[in-house]
Amino acid sequence: MALSCGIVGLPNVGKSTIFNALTRSAQALAANYPFATIEPNVGEVPVPDRRLDALAALNASEKIVPATMRFVDIAGLVRGAASGQGLGNAFLSHIRETDAVAMVVRCFADDNVTHVEGAPDPLRDIEIIAIEMALADLGTLQRRREKLAREVRANPKQAPELEALERLVAALEAGKPARAFPPDSEELRLARESFLLTAKPMLYVANVDEGQIATLGPMAETVMAHARTENSRAIAFNGKVESEFAGMSEDDVAMFRADYGITAGGLDRLIVEAYDLLGLMTFLTAGPKETRAWTIAKGTKAPQAAGKIHTDIERGFIRAEIVSYDDYVTLKAMDAIRAAGKLRSEGKDYVMQEGDVVEFRFNV
């Protein structure tokens, strides 16, 4: 199953508008009242990659197949969700099923769009969601602690795991998310094993109004600064404008982006950031039939990458013939690539790199 990114936030912050724009659909109800979304909406979206067009042109490919990302539009959260307020328990379970989280934070005032807390306040709004997720995690860890304490009495060698759990609990009680622990720490390993909500990678999405497209206002800047304090990522864009772009031709979008002074699409940045947040990367194959982007985890070796195409290729793997994308589009033809010594032959221990253009050799 494809890895997924959950779109979360308070009610009426623009989650469903952004989801509909991402999926170029109207499947998520975007309405001016809390809990317009009840059941999560799920959509597969292509990962923007201009390299595919260039490779397809060089190979006269019949079709282009991009990599995809799964986004999940989850019901809005309110205070007390961890104790069942609003759609709390359902909301939290839906987050638990995703692999990363994109938190939409409203960064504009509009009397025509209600706010469950009266008016937008980015830090307060982020804190509400962070507290509810931490409370849910503390409940999970309390159950784990009781079980582990019994196991330690029978087997003292498990004491270090219980100590790590206690450090994790202390961090959550102090307002520190589990994802803030180092990647190779026992605490983060335990947090992921326990499917903690605060262990999931976080991307903050500041949803701004049209007046902040060119220059961010104080509320959006607050979101950016907050993300830096916890080593998370943040982007800003206008969800309403991006949703309007989603229904236009590319030429029209380019014209309107020029009017707004937008150099890159907000939705494209959201997709690419979420893709990278999940630890994913892309290798490419190109030929007359198709040019395709293949999704693998960073650190994947060549045989396992081959297995993404077909398990028989992984089983019979001999070598991977690889050229970097930049060399491919510079030299334009395989004969020229070989003549320039840019075609590499890599074996079973080769770790795939972003943008490798590959042909796998294998025994049938």
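Note that this is a predicted model, so its numbers are computed, not measured.

### Some words on the overall build of the protein chain
Line of reasoning, step 1. Regarding its fold elements, the protein chain presents 14 helices and twelve strands.
Line of reasoning, step 2. By the burial criterion, 49% of the 364 residues in the protein chain qualify as buried.
Line of reasoning, step 3. Taking as baseline every contact in the protein chain between residues at least 6 positions apart, the subset at least 24 positions apart corresponds to 67%.
Line of reasoning, step 4. Taken as a whole, the protein chain presents about 17600 Å² of accessible surface, with 52% of it coming from carbon and sulfur.

### What about the pairing of strand β7 (residues 233-237)?
Line of reasoning, step 1. The pairing of strand β6 (residues 202-207) with β7 spans five bridges and is parallel. Within β7, the residue paired with Asn207 across the bridge is Phe237.
Line of reasoning, step 2. Assessed by its sense of winding, the connection that carries the chain from β6 through helix α7 (residues 218-229) to β7 is right-handed.

### Focus: the packing of helix α4 (residues 122-154) against helix α5 (residues 159-173)
Line of reasoning, step 1. Closest axis-to-axis distance for the α4/α5 pair is 10 Å, and the angle between their directions is 160 degrees. Relative to α5, α4 is oriented roughly antiparallel. Here the hand of the crossing between α4 and α5 comes out left-handed. Between α4 and α5, the contacting residues are Ala134, Asp137, Leu138, Leu141, Arg144, Arg145, Leu148, Ala149 and Val152 on the first element and Ala159, Glu161, Leu162, Leu165, Glu166, Leu168, Val169, Leu172 and Glu173 on the second.

### Describing the environment of Lys176
Line of reasoning, step 1. Along the chain, the position of Lys176 falls in the loop between α5 and α6 (186-193).
Line of reasoning, step 2. Separated by 54 residues in sequence, Lys176 and Glu230 have C-alpha atoms that sit 8.5 Å apart.
Line of reasoning, step 3. Among all residues touching Lys176, those that are not within four sequence positions of it are Ala171 and Phe181.

### Quick notes on the layout of surface pockets
Line of reasoning, step 1. Of the pockets and cavities examined, the largest pocket occupies roughly 990 Å³.
Line of reasoning, step 2. Around the largest pocket sit 33 residues that line it, and Arg24, Pro48, Arg50, Glu250 and Asp268 are the ones nearest its centre.
Line of reasoning, step 3. Looking at the lining of the largest pocket, the elements that each hand over two or more residues are α1 (15-23), β2 (41-46), α2 (51-59), α8 (239-245), α9 (250-260) and α10 (266-277).
Line of reasoning, step 4. By residue number, the principal contributor to the lining of the largest pocket is α10, which donates five residues.
Line of reasoning, step 5. Each residue belonging to the lining of the largest pocket can be placed in one class, and the counts come to 19 nonpolar, four polar and ten charged.

### Description of the pattern of salt bridges
Line of reasoning, step 1. For the structure on display, the rule yields 25 salt bridges.
Line of reasoning, step 2. Between Asp276 and Arg233 there is a salt bridge, and its shortest N-O distance comes to 2.7 Å. On the criterion of sequence distance, the pair formed by Asp276 in helix α10 and Arg233 in strand β7 is long-range, its members being 43 residues apart.
Line of reasoning, step 3. What makes Asp276 partly exposed here is its relative accessible area of 27%.
Line of reasoning, step 4. Exposure remark for Arg233: the relative accessible area of 29% places this residue in the partly exposed category.
Line of reasoning, step 5. Of the charged contacts in the structure, one is a salt bridge between Asp335 and Arg338, with a shortest N-O distance of 3.9 Å. Pair noted here: Asp335 and Arg338 are both in helix α14 (residues 334-339), with a separation of three residues, about one helical turn.

Calculation notes
Residues numbered from 1 in each chain as written. Predicted model: local features only at pLDDT ≥ 70, side-chain atom pairs only at ≥ 80, totals over all residues. Heavy atoms only, no water. Helix = DSSP H or I, 4+ residues; strand = E, 2+ residues; numbered from the N terminus. Buried < 20%, exposed > 50% of the residue type's maximum accessible area, 1.4 Å probe, protein only. Contact = heavy atoms within 4.5 Å. Areas by Shrake-Rupley, 256 points an atom, 1.4 Å probe, with all protein chains shown as cover. Pairing = 2+ DSSP bridges. Right-handed = clockwise from strand over helix to strand, strands pointing away. Axes fitted to C-alpha atoms, helices over the stretch in contact; angles between N-to-C directions. Parallel < 35°, antiparallel > 145°, perpendicular 65-115°, else oblique. Left-handed = near helix turned anticlockwise from the far one by under 90°. 1 Å grid on protein atoms, 1.4 Å probe; cavity = no way out; pocket = protein on both sides within 12 Å on 5 of 7 lines; lining within 4 Å. Points joined across faces, edges and corners; volume = space filled by probe spheres on them. Nonpolar A, V, L, I, M, F, W, Y, C, P; charged D, E, K, R; others polar. Salt bridge = Lys/Arg side-chain N within 4 Å of Asp/Glu carboxyl O.

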